[in-house]
Amino acid sequence: MSKYIRPIVIGTVLAFVIAFGLAFTFSRLGAPNTSISIYCGLFVGIFTAYILANLAGNRKVATADTGQLSRALAMAAPADAALVYVYRQGFVGKAAGMNVIIDGKTVAQLTSPRFTVVKAAPGQHDIFAAFGGLAGPQNKAAATAFTAEPGAVLVFRLNLSMGMVQNTINVTPVPDLAEVKRALSTMKMTVAELAEV
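Residues numbered from 1 in each chain as written. Predicted model: local features only at pLDDT ≥ 70, side-chain atom pairs only at ≥ 80, totals over all residues. Heavy atoms only, no water.

## As for helix 1 (residues 5–28)
A rise of 1.5 Å per residue sets the reference length of helix 1, with its 24 residues, at 34 Å; its end C-alpha atoms lie 34 Å apart and thus fit the reference within 8%. Of all the residues in helix 1, the buried ones are Pro-7, Gly-11, Ala-15 and Ala-19. Note on helix 1: the residue one or two positions beyond its end, Gly-30, has a positive phi of about 80°. (Helix = DSSP H or I, 4+ residues; strand = E, 2+ residues; numbered from the N terminus. Expected span 1.5 Å × (residues − 1). Buried < 20%, exposed > 50% of the residue type's maximum accessible area, 1.4 Å probe, protein only.)

The structure is reproduced here in structure tokens:
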């Protein structure tokens, strides 16, 4: 709940500032209209609080330097592990951080468009994607299983499907590495919080 206090306070202050500012302006123009002032202030305040609450789950992430980025774009997996790339595309909810969790461990948080890469030990793994903050309950989380083979490069794309009541996160395997490399070359890379899963 504490992460929502700041958005509520900002939204409330903004609502009062807008309402009183408009009321003052209307009265100076000789056309006092307090109901329009109040409704406009409420709308702006509630909208601002809602947007900020959706972003309340965002964390500070490290962006890869040019060396890390070029190594990642080479897509050269080590002989004893697989490389798992996860990237996010799409406009809907692009500023809200989506948490990427592999085998129950948080690997990274991605806004759109961004990607991350992590080494995975050979064997079965699960990847899970979900939003934090108020965006979490509005979007259905997704999970999928994958098998990591030594020397393999696995890629998963995250995006949202719009729904009537709730959006759905999609975790889609992408087999075409040439297509992936083209897409990733235009994105920033988020440094994974874990080197290996």
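Once you've had a look at it, read on.
## Description of the packing of aromatic side chains
Taken as a whole, this structure holds 4 aromatic pairs when the rule is applied. When the ring of Phe-43 is compared with that of Phe-47, the centres are 6.0 Å apart and the planes differ by 10°; the resulting orientation is stacked. Residue Phe-43 and its partner Phe-47 are located together in helix 2 (residues 34–54), separated by 4 residues, close to a single helical turn. Take Phe-47: its relative accessible area is 47%, and that puts it in the partly exposed class. Ring geometry for Tyr-85 against Phe-115: centres 6.4 Å apart, planes inclined by 25°, an arrangement best described as stacked. (Phe/Tyr/Trp six-rings, centres within 6.5 Å; stacked < 30°, edge-to-face > 60°.)

## Here we look at the pattern of salt bridges
For the structure shown, the criterion picks out 1 salt bridge. Two residues, Arg-59 and Glu-193, come together in a salt bridge whose shortest N-O distance is 2.4 Å. You can see Arg-59 sitting in the loop between helix 2 and helix 3 (66–74) and its partner Glu-193 sitting in the segment after strand 10 (188–189), a full 134 residues away along the chain. With relative accessibility at 43%, the residue Glu-193 sits in the partly exposed group. (Salt bridge = Lys/Arg side-chain N within 4 Å of Asp/Glu carboxyl O.)

## Brief notes about the pairing of strand 8 (residues 153–161)
Consecutive side chains along a regular strand alternate between the two faces of the sheet. Judged from the 6 bridges that link them, strand 1 (residues 82–88) and strand 8 form a sheet pairing that is parallel. If you follow Tyr-87 over to strand 8, its bridge partner there is Arg-157. Across 6 bridges, strand 8 lies against strand 9 (residues 167–173) in antiparallel orientation. Across the sheet, Ser-161 pairs through a bridge with Thr-168, a residue of strand 9. Hairpin connection of strand 8 to strand 9: 5 residues between the antiparallel strands. (Pairing = 2+ DSSP bridges.)

## Here's the deal with the sheet that holds strand 3 (residues 105–110)
Backbone-to-backbone hydrogen bonds join strands into a sheet, with any given pair of strands oriented parallel or antiparallel. Pairing in this open sheet of 4 strands is antiparallel, and the strands run 3-2-5-7 from one edge to the other. In the strand order of this sheet, the two ends are held by strand 3 and strand 7 (142–148), each with one partner. Neighbour-to-neighbour, the strand axes of the sheet open up by a mean angle of 25°, direction not taken into account. Pairing between strand 2 (residues 98–102) and strand 3: 5 bridges, direction antiparallel. Each residue of the ladder has a partner; that of Ile-102, found in strand 3, is Lys-105. (Axes fitted to C-alpha atoms, helices over the stretch in contact; angles between N-to-C directions.)

## Things to note about the nonpolar core
Core analysis: the biggest nonpolar cluster contains 26 residues, and Val-84, Ile-102, Val-107, Ile-127 and Leu-158 have the highest contact counts within it. Of all the secondary-structure elements, those providing two or more residues to this core are strand 1, strand 2, strand 3, strand 4 (114–120), strand 5 (123–131), strand 7, strand 8 and strand 9. Not counting residues up to four positions away in its chain, the partners in contact with Val-107 are Val-100, Ile-101, Ile-102, Thr-116, Val-118, Ala-192, Glu-193, Leu-194 and Val-197. Counting residues in each nonpolar core, the second largest holds 17 residues, with Ala-72, Leu-184, Met-187 and Met-189 among its members. (Core = buried A, V, L, I, M, F, W, Y, C linked by side-chain atoms within 4.5 Å. Contact = heavy atoms within 4.5 Å.)

Coordinates in, geometry out; function isn't part of it.
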